[in-house]
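Listed below are the residues making up each chain.
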Amino acid sequence: MAKLKPGVVTGDDYLTLLEDCKTGGYALPAVNIVGTNSANAVLEAAAEAGSDVILQLSNGGAQFFAGKGLKDSAQAKVLGAVSAAQHIHTVAEAYGVAVVLHTDHANRGLIGWVDALVDHSERHFKATGAPLFTSHMLDLSADSLDFNLSESARMLARMAPIGMSLEIELGVTGGEEDGVGHDIDSSADNSHLYTQPEDVLRAWNELRHIGHFSVAASFGNVHGVYKPGNVELRPEILRESQALVSKTHGLETLPLDLVFHGGSGSEKAKITEAVEYGVFKMNIDTDTQFAFAHPIGTYVEANAIAFKHQIDPADGTPYKKQYDPRAWLRKAELGMVERLQEAFTDLGSTGRSLTR
Ligand SMILES: [Zn+2]
């Protein structure tokens, strides 16, 4: 019998999914979406792969979802995330896979954004018995560990009673995601790019009794796709954190649920190794952005005249079919669907949906 019903999963169903990832040795892609085109493309890709999937919004993605024309950007970030979640709740079940709904990096300035979204999930919980989102991320890695963990504890205490999970960040992911991020020091010491196992243990001690949390751990991963540089991916860092928590508390070998940020452009062998050490979620944005954009570029080149004239100035041919946004947006969706098949394969999740 299927372990999960298709549609958005939260609470215990989410934990069932994470447990299966870990015992099955696979992970799920977490894809950033900015509108219904990208949301539907991710769902279509997951249905085609027979994999469960994670959809997430950055604060900028959420704002874009509500509309860049809205004057109050803070309000737009809340409304856009809620709107995206409602859309996904409406259609996800029809795609036949389990869907995790998440929001990406929120630094100190965006704590209010997450609190406002938890307000919405509380209302949704009262009405339906489930939160609107599965989980949120608080990225306070630029602040002190004290502040990071005390604020994460406060947020998790709000989220846990309504079946929500929190992703925190320890150590820093290089590069930036929507204005939240850190420069890579190309000159020397990049030890801050590697999570310290002692910090992970402290997070476990301070958060685990409150509720479920996952850790975006840094092991040399970088947002965006760059030429190979001087920051080396060292997934064994993840194993060291797992071992310390496991040994200290006498737990199973992989007690932590880990998240791999900056998955775009990463070496396949390092991805496999990271999954072995307990990564259940790998974020992908840059590669799927390109997969969305590239077919549009090809299409515009091939149909250049239709983007300049409604009717051919020479022979009167109408070009409505060519410039209809559905024609080229569909190409973009299919580009994303195709690129994501590679991600499901890399992470070993193809054909493993718990709804089957
Ligand atoms: Zn990230």
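Before any of the text, the structure's been laid out above.
Thresholds applied
- Residues numbered from 1 in each chain as written.
- Predicted model: local features only at pLDDT ≥ 70, side-chain atom pairs only at ≥ 80, totals over all residues.
- Core = buried A, V, L, I, M, F, W, Y, C linked by C-beta atoms within 7 Å.
- Buried ≥ 20, exposed ≤ 12 C-beta atoms within 10 Å, placed from the backbone.
- Helix = DSSP H or I, 4+ residues; strand = E, 2+ residues; numbered from the N terminus.
- Contact = placed C-beta atoms within 7 Å.
- Expected span 1.5 Å × (residues − 1).
- Arc of directions from axis to C-beta.
- Axes fitted to C-alpha atoms, helices over the stretch in contact; angles between N-to-C directions.
- Left-handed = near helix turned anticlockwise from the far one by under 90°.
- Nonpolar A, V, L, I, M, F, W, Y, C, P; charged D, E, K, R; others polar.
- Parallel < 35°, antiparallel > 145°, perpendicular 65-115°, else oblique.
- Pairing = 2+ DSSP bridges.

Trainee: Would you take a moment to explain the nonpolar core for this structure?
Mentor: Formed by 96 residues in total, the largest nonpolar core has its most connected members in Val42, Leu55, Val99, Val215 and Val279. Element by element, the count of residues in this core is highest for helix H12 (residues 325-347), at eight residues. Each residue touching Val215, except ones within four places of it in the same chain, is listed here: Ile168, Leu170, Val200, Ala203, Leu256, Leu258 and Val259.

Trainee: Honestly, helix H6 (residues 145-159) in this entry has me stumped. Any pointers?
Mentor: For the α-helix, the turn length of 3.6 residues means that residues three or four positions removed from each other point alike. In this model, H6 (15 residues) spans 21 Å end to end at C-alpha, consistent with the 21 Å of a helix rising 1.5 Å per residue. Those residues of H6 lying buried are Asn148, Leu149, Ser152, Met155, Leu156 and Met159. Mapping the buried residues of H6 onto a view down its axis gives an arc of 130°, with all of them on the same face. Looking at H6, the residues exposed on the side facing more than 90 degrees away from the buried face are Asp146 and Phe147. In this structure, the buried residues of H6 make contact with helix H5 (111-128), strand S5 (135-138), strand S6 (165-170), helix H7 (197-207) and strand S9 (213-217).

Trainee: Just checking my understanding: could you explain the packing of H6 against H7 for this structure?
Mentor: The contact between H6 and H7 brings their axes to 10 Å, and the two run at 30°. In this structure, H6 meets H7 at a crossing whose hand is right-handed. Where H6 abuts H7, its residues Leu145, Leu149, Ser152, Ala153 and Leu156 lie against Asp199, Arg202, Ala203, Glu206 and Leu207. Of the residues belonging to the contact of H6 with H7, the class tally is six nonpolar, one polar and three charged.

Trainee: Can you help me understand the environment of Ser246 in this one?
Mentor: Position of Ser246 relative to the elements: it lies in helix H8 (residues 236-249). For Ser246, a count of 16 C-beta atoms within 10 Å translates into the label partly exposed. It is 8.6 Å that separates the C-alpha atoms of Ser246 and Leu256, two residues lying 10 residues apart in sequence. With sequence-adjacent residues up to four places away left out, Ser246 is seen in contact with Leu251, Glu252, Thr253 and Pro255.

Trainee: Explain the packing of helix H3 (residues 59-66) against helix H4 (residues 73-91) here, please?
Mentor: Two quantities define a packed helix pair, namely the angle between the helix axes and the distance between the axes. Packing of H3 against H4 leaves a shortest axis separation of 6 Å and a crossing angle of 80°. With respect to each other, H3 and H4 are oriented roughly perpendicular. For the pair H3 and H4, the contacting residues are Asn59, Ala62, Gln63, Phe64, Phe65 and Ala66 in the first and Ser73, Ala76, Lys77, Leu79, Gly80, Ala81, Ser83 and Ala84 in the second.

Trainee: Any chance you could explain the environment of Asp115 here in plain terms?
Mentor: Structurally, Asp115 can be placed in helix H5. Taking C-alpha positions, Asp115 is 33 Å from Ile271, a pair spaced 156 residues apart along the chain.

Trainee: Would you mind going over the pairing of S9 with me for this structure?
Mentor: Remember that side chains alternate between the two faces of the sheet whenever the strand is regular. Buried residues dominate S9, accounting for five of its five residues. Going residue by residue along S9, you find Phe213, Val215 and Ala217 tucked away on one face and Ser214 and Ala216 tucked away on the opposite face as well. Two strands pair when backbone bridges link them, and S6 and S9 are joined in this way by five bridges, in the parallel orientation. Residue pairing in the sheet places Glu169 in a bridge with Ala216 of S9.

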